[in-house]
Amino acid sequence: MKKYTFFAAALATLVFVGCSKENNNTLVPDENGMVTLTVSGEKSAASDNDKQGFYGIGDHVFFQTGDQMYVNGGLADLFLRMDGPDSIYSGPTHSDAANIRVSADYIGYPAVAFYPSNLFTPGTAMTVGDPINPVSDWTISMKQNMTMIHTTTIPDYLVGLGPETMFPNWTLSGYVQTLGDTPRIQLKNNIALLTPNARYGARFVNTLNNAFQLGLPVYGANDALPQLKVTEIQIVSTTNKLYGNGHLVNVNTQEPYLVMDGQVAGADTLFCAAESYDGTTTTPGVEVIPGNYMGTPLGHITVAPFANDGTEYLQAIAYFTLTTADGQSFDFVYTGTNVNIRPVTESNGQLSIRRNIRTKLWFNFWDDSAINDGKITRQ
């Protein structure tokens, strides 16, 4: 199943064509007592600038063969569809449209849905028609060690039951109070997204060469530069939990989000491996393309939204390798500044890590400032 964010636009949602205990005349259980509901993904318009969706080329939540979800606590299997409304992709292994089959015993309103099921540990059994009260003890375990979600091609956005489970956890939930003319439940993203991004140029290489006496030639603006590959990103917070158990709040609103349990003991650090993916195979490290003004996205990392009261901090660290055309290789660490997470209401500040928003974390491999500021060390 699943996901990701930035240049175009996309938001994940699910639609159930539906049913309730009180009004389910159109829903007839089959001989096994199962009801089939339609599930699809709704994408934001490319012109949507209200920051309520993730932005990225092909950024959608995709359902994957084998995915499951909870509806009022009942486990439902998903079956991919090839004919989703406004579908951007349908294929044999993943699609942005699906059906689910759930026992009629769980069909009632209000209704709560959790997706994908493998990221949730069930707590107190939900009561059909009143499922909200016990939701807070359904837990989500956020990983400390992961592979960043790739930034290219549709399969990079999958985070379901398959081998993609080394990717960060990306949960969604939905709630519907009553049935309307078009019954549906819309899934909302519960997490915030971090996307490390890097820009690379000749001035950086020349300054690096001088600072560490690498013995490299002087590169001009139009010369082919040594390959710069980022192999790992570390995300550090001394104020907010980044991994461990959490739970959802505001499930019965338009802004459900993940809250981490417990307090930080010193600092929490996420270890995020960077991978390249060509649609067939993966290779370690992500190459930063020289001269790209927009920078090179290195991957995506999911975290719980920060409280945004102005007292939270976040630091990003990049491990990278410089390799010349003749095979010389040099390893370095870029230690970013510990930056303040600004309150949502403020227009100034550094970052705002909010539910359903993608935040870029910039690494400056473009000029000499990071080297002059002491952010670069050699391994």
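Residues numbered from 1 in each chain as written. Predicted model: local features only at pLDDT ≥ 70, side-chain atom pairs only at ≥ 80, totals over all residues. Heavy atoms only, no water.

Engineer: Even after reading the chapter, I still don't get helix H1 (residues 202-212), so can you show me in this structure?
Structural biologist: Residue pairs spaced three or four apart in an α-helix point in one direction, given the helix's 3.6 residues per turn. Along H1, the positions that sit buried rather than exposed are Ala 202, Phe 204, Val 205, Asn 206, Thr 207, Leu 208 and Asn 209. Positive phi shows up at Gln 213, right after H1, with a value of about 50 degrees. (Buried < 20%, exposed > 50% of the residue type's maximum accessible area, 1.4 Å probe, protein only. Helix = DSSP H or I, 4+ residues; strand = E, 2+ residues; numbered from the N terminus.)

Engineer: Help me out: how do you make sense of the sheet that holds strand S15 (residues 244-249) in this one?
Structural biologist: Sheets are built from strands paired through backbone hydrogen bonds, the pairs being either parallel or antiparallel. Read from one edge to the other, the open sheet built from four strands follows the order S8-S9-S15-S16, with strand pairing classed as antiparallel. Single-partner strands in this sheet number two, and they are strand S8 (120-121) and strand S16 (257-260). Alignment of strand S9 (residues 139-142) against S15, held across four bridges, turns out to be antiparallel. Each residue of the ladder has a partner; that of Ile 140, found in S15, is Gly 246. (Pairing = 2+ DSSP bridges.)

Engineer: Whenever I open this one, the pairing of strand S14 (residues 227-237) confuses me. Can you help?
Structural biologist: Two faces make up the sheet, and in a regular strand the side chains alternate between them. As defined by bridge partners, S14 adjoins strand S23 (residues 312-323) across nine bridges and the pair is classed as antiparallel. Bridging from a neighbouring strand, Gln 227 pairs with Thr 323 of S23. In the sheet, S14 pairs with strand S20 (residues 286-287) via two bridges, with the strands oriented antiparallel. Considered in S20, the bridge of Lys 229 is made with Glu 287. When S14 meets strand S17 (residues 268-273), the two strands line up antiparallel, connected through six bridges. Within S17, the position partnered with Val 236 by the bridge is Thr 269.

Engineer: Which parts of the structure should I look at to understand the nonpolar core?
Structural biologist: A general feature of soluble globular proteins is that nonpolar side chains tend to end up buried together. Counting residues in each nonpolar core, the largest one holds 46 residues, and the members touching the most others are Ile 233, Ile 235, Ile 301 and Phe 365. The element contributing the most residues to this core is S23, with five residues. Those residues within four positions of Ile 233 in sequence are excluded, and the remaining contacts are Met 148, Pro 196, Leu 270, Phe 271, Cys 272, Leu 298, Ile 301, Ile 317, Ala 318 and Phe 363. Among the nonpolar cores identified, the runner-up in size contains 36 residues, and Phe 63, Leu 78, Phe 120 and Trp 170 belong to it. (Core = buried A, V, L, I, M, F, W, Y, C linked by side-chain atoms within 4.5 Å. Contact = heavy atoms within 4.5 Å.)

Engineer: Would you mind going over unusual backbone geometry with me for this structure?
Structural biologist: A negative phi angle is the norm for most residues apart from glycine, just as the trans form is the norm for most peptide bonds. The peptide bond linking Tyr 115 to Pro 116 adopts the cis configuration, its omega dihedral lying at -10 degrees. By the secondary structure assignment, Pro 116 is in the loop between strand S7 (111-115) and S8. At Gln 213, a position not held by glycine, the phi torsion is positive, near 50 degrees. Locating Gln 213 in the fold gives a position in the loop between H1 and S14. Positive phi values are uncommon outside glycine, yet Asn 250 reaches one of about 55 degrees. Secondary-structure assignment places Asn 250 in the loop between S15 and S16.

Engineer: How do you make sense of the pairing of strand S3 (residues 68-71) when you look at a structure like this?
Structural biologist: The pairing of S3 with strand S4 (residues 74-80) spans four bridges and is antiparallel. Bridge assignment links Tyr 70 to a residue of S4, and that residue is Leu 75. Hairpin connection between S3 and S4: a loop of two residues separates the two successive antiparallel strands, and Asn 72 in this loop has a positive phi of roughly 50 degrees. Strand direction decides the pairing type here: S3 and S7, joined by two bridges, are antiparallel. Looking at the pairing, Tyr 70 lines up with Phe 114 of S7.

Engineer: Would you mind going over the pattern of salt bridges with me for this structure?
Structural biologist: Opposite charge on two side chains lets them pair, provided their charged atoms get close. Enumeration over the complete set of coordinates arrives at four salt bridges. Note that Asp 30 and Arg 101 form a salt bridge whose closest N and O atoms lie 2.8 Å from each other. You can see Asp 30 sitting in the segment before strand S1 (34-40) and its partner Arg 101 sitting in strand S6 (residues 97-103), a full 71 residues away along the chain. With a relative accessible area of 25%, Arg 101 lands in the partly exposed category. Salt-bridge contacts for Arg 203 lead to Asp 368; the nearest nitrogen and oxygen are separated by 3.2 Å. Note that Arg 203 is positioned in helix H1 and Asp 368 in the loop between strand S26 (358-365) and helix H2 (369-372), a separation of 165 residues in sequence. (Salt bridge = Lys/Arg side-chain N within 4 Å of Asp/Glu carboxyl O.)

Engineer: Whenever I open this one, the layout of surface pockets confuses me. Can you help?
Structural biologist: To find the voids left in a structure, one rolls a probe of water-molecule size over its atoms. Empty space within the largest pocket amounts to approximately 320 Å³. Residue lining of the largest pocket: 15 residues in total, with Gly 336, Thr 337, Val 339, Leu 361 and Trp 362 positioned closest to the centre. Residue assignment for the lining of the largest pocket shows that the elements contributing at least two residues are S23 and S26. In terms of residue count, S26 provides more of the lining of the largest pocket than any other element does, five residues in total. In terms of residue class, the lining of the largest pocket is built from eight nonpolar, five polar and two charged. (1 Å grid on protein atoms, 1.4 Å probe; cavity = no way out; pocket = protein on both sides within 12 Å on 5 of 7 lines; lining within 4 Å. Points joined across faces, edges and corners; volume = space filled by probe spheres on them. Nonpolar A, V, L, I, M, F, W, Y, C, P; charged D, E, K, R; others polar.)

Engineer: Explain the side chain of Thr 359 here, please?
Structural biologist: With respect to the helices and strands, Thr 359 occurs in strand S26. Looking at Thr 359, its side chain comes within polar contact range of the main-chain oxygen of Ser 352, at 3.1 Å. If we ignore the near neighbours within four places in the chain, the residues touching Thr 359 are Leu 193, Leu 194, Thr 195, Leu 351, Ser 352 and Ile 353. (Polar contact = N/O pair within 3.5 Å; in protein donor to acceptor, adjacent residues only side chain to side chain.)

Engineer: What is the right way to read the environment of Leu 172 from this model?
Structural biologist: Residue placement: Leu 172 occurs in strand S11 (residues 172-176). Looking at Leu 172, the relative accessible area reads 0%, which means it is buried. Residues Leu 172 and Ala 113, 59 residues apart in the sequence, show an inter-C-alpha distance of 8.3 Å.

Engineer: Any chance you could explain the environment of Thr 38 here in plain terms?
Structural biologist: Within the secondary structure, Thr 38 sits in strand S1. Put simply, Thr 38 and Ile 100 are 62 residues apart on the chain and 6.5 Å apart in space, counted from C-alpha to C-alpha.

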